[in-house]
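Residue-level structure breakdown
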Amino acid sequence: MGCWNVTSMTIFSNITEIGMNAFSSCYALENVDFSKADKLEKIGGGAFGYCDKLAEIHLEYAKNLKIIDEAAFYNNGIEKVFLPDGVETIGKNALKRKDGQKTYVYGRTGSTAEEYCKNENAELFSDVCVFRDYEGVYLVHPDSWEEYYETGEGTYHVELEWPVSSDSSDVEWKSSDESIATVDSKGLVTRKKKETVTITAVRGEFSDSVVIKFLKESFSSKDGVWKYRKLTDSTIAICGYTGEGTKKVMIPSEIDGYTVTRCSSFILQIGRMHEQLYNYDIIIPQKNNIGYVGANAFGLANKSN
C-alpha cells in the first residue's frame, strides 16, 4: 500500500484475488487495466481506497468477478464504474467517491449493482453500450452538445462511451460535411463554419453519431446587427451592436429562441467617438428577462423602457 509513484497498472489473467488494502493510498494511480483480468474473482476491502486520481473503472472484462468487498474503491475520484453481470456482493461504501458526489454505476437492472445503488450514493445506468454489444461503438451524448457554442480555438473532443479510448484503434471517425468541421482519428473536431454538423464513429458494421450545432455569434434585426454569446444556462448575453445612428433601437428580448438575460459592458462604446451615434434611443422592452446591464453598456445613448 502507499505506492506513491505508480500511475498505471494491469491486472493479468493469473490474478484471482486482490487482497485487502493491496493498492490503498496510491495517490498517483490514474488507470487500472482490467481487460486481461478474466480470472479475477474478488477485490478485497480497501484494495484501491484513497487512490485520488482514479476516475473510471472498467470491471466488465472481469467476467468471473463475484465479490467487491467493503470500501474496495473508497474515497477516491471514481465517477464511473462498469460492472460485469456476475457480481454477487458489493460491500458498503465499496464505490464511494471522496467528494461526496454520486458514483455512476453501469450494470444490469435487477443485478447486485442495482441493489447497491439503492442503498448508496450511486446511480445505475442499465441501458449502456457494454451490455448491448461488445463489438459495437457508442458515443457520449450530453444534452449540451446539441447546441454547442465555441468561443475559443474552435475545437471539441467527442468522447467514446465504448470501446474505451485505450482500445479504439479500430474506430473510424467521419464528418457529415468537412467544409463545416473535420474530425481526426481520436474524435477531435475542428470547426470551420458556425453551422450544424454530424460526427459519426464507425466500428465494423456498427456506428453512432452526435449532432453539434455551432451557434453563430451575431443576429440581424431591423435595427442592426447584435453580437452575442450563449451562456451556460442557455440564455444570451448581448456583447455588441452595429447599426446606423440617430434612430430608435429595440433591445431584443430573445435571439434564435434563447432568452436575453444580460447586456455586457460598452455595447455602444463606439458612440463615444462618433458624434452621429450620440442620438441613439435605446429601448428595453417592458416585458424582458434582462437581469444585468454592464458598465457603460450603451455609452452616451439615451435609454428608455
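Worth saying up front: this structure is predicted, and the values here are computed from it rather than measured.

When its secondary structure is counted, the protein shows two helices and 27 strands. Put simply, the protein has 305 residues, and 44% of those count as buried. Of the contacts formed within the protein by residues at least 6 apart in sequence, a portion of 51% connects residues at least 24 apart.

Looking now at unusual backbone geometry. We note that S25 has phi near 65°; this positive angle belongs to a residue other than glycine. The topology assignment puts S25 in the loop between strand 2 (17–18) and strand 3 (31–33). A residue is classified by how much of its surface remains accessible, and S25, at 13% relative accessible area, is buried.

Before going further, it helps to spend a moment on a nonpolar patch on the surface. Judged by side-chain polarity, W4, Y27 and Y50 come together as a nonpolar surface patch covering roughly 350 Å² of accessible area. Relative to the assigned elements, Y50 resides in the loop between strand 4 (42–43) and strand 5 (56–58).

Any pair of aromatic rings gets described here by the distance separating the centres and the angle formed by the planes. Evaluated as defined, the whole model comprises five aromatic pairs. With a centroid separation of 5.4 Å and an interplanar angle of 20°, the aromatic rings of F23 and F48 are classed as stacked. Separated by 25 residues along the polypeptide, F23 in the loop between strand 2 and strand 3 and F48 in the loop between strand 4 and strand 5 bring together distant segments of the chain. Plain terms: the ring middles of F34 and F48 are 6.2 Å apart, the flat faces sit at 70° to each other, and that makes the pair edge-to-face. Here F34 is found in the loop between strand 3 and strand 4, whereas its partner F48 is found in the loop between strand 4 and strand 5, with 14 residues between them in sequence. For F34, a relative accessible area of 1% puts it in the buried group. Given the relative accessible area of 0%, F48 is considered buried.

A few words on the sheet that holds strand 8 (residues 89–90). Pairing within the open sheet is parallel, and its four strands lie in the order 2-4-6-8. Edge positions in the sheet fall to strand 2 and strand 8, since each of these pairs with one other strand and no more. Here strand 6 (residues 67–68) pairs with strand 8 via two bridges, running parallel. Within the sheet, the bridge partner assigned to I68 lies in strand 8 and is I90.

Turning next to helix 1 (residues 112–119). The set of residues buried in helix 1 consists of A113, Y116 and C117. On an axial view of helix 1, the arc spanned by its buried residues comes to 100°, and they lie on one face. What points out from helix 1, more than 90 degrees from its buried face, is the exposed set K118 and N119. On its buried side, helix 1 packs onto strand 8, strand 9 (103–106) and strand 10 (122–125).

Right, let's get into the pattern of salt bridges. Using the criterion set out here, one finds five salt bridges in the structure. The salt bridge partner of K42 is D69, with a shortest N-O separation of 3.6 Å. Residue K42 is found in strand 4, and its partner D69 is found in the loop between strand 6 and strand 7 (80–82); the two are separated by 27 residues along the sequence. Judged by relative accessible area, which is 25%, D69 ranks as partly exposed.

So, how was this worked out
- Residues numbered from 1 in each chain as written.
- Predicted model: local features only at pLDDT ≥ 70, side-chain atom pairs only at ≥ 80, totals over all residues.
- Heavy atoms only, no water.
- Helix = DSSP H or I, 4+ residues; strand = E, 2+ residues; numbered from the N terminus.
- Buried < 20%, exposed > 50% of the residue type's maximum accessible area, 1.4 Å probe, protein only.
- Contact = heavy atoms within 4.5 Å.
- Patch = residues over 30% accessible without salt bridge, like charges linked within 9 Å, V, L, I, M, F, W, Y side chains within 5 Å.
- Areas by Shrake-Rupley, 256 points an atom, 1.4 Å probe, with all protein chains shown as cover.
- Salt bridge = Lys/Arg side-chain N within 4 Å of Asp/Glu carboxyl O.
- Phe/Tyr/Trp six-rings, centres within 6.5 Å; stacked < 30°, edge-to-face > 60°.
- Pairing = 2+ DSSP bridges.
- Arc of directions from axis to C-beta.

These figures come from the coordinates and say nothing about function on their own.
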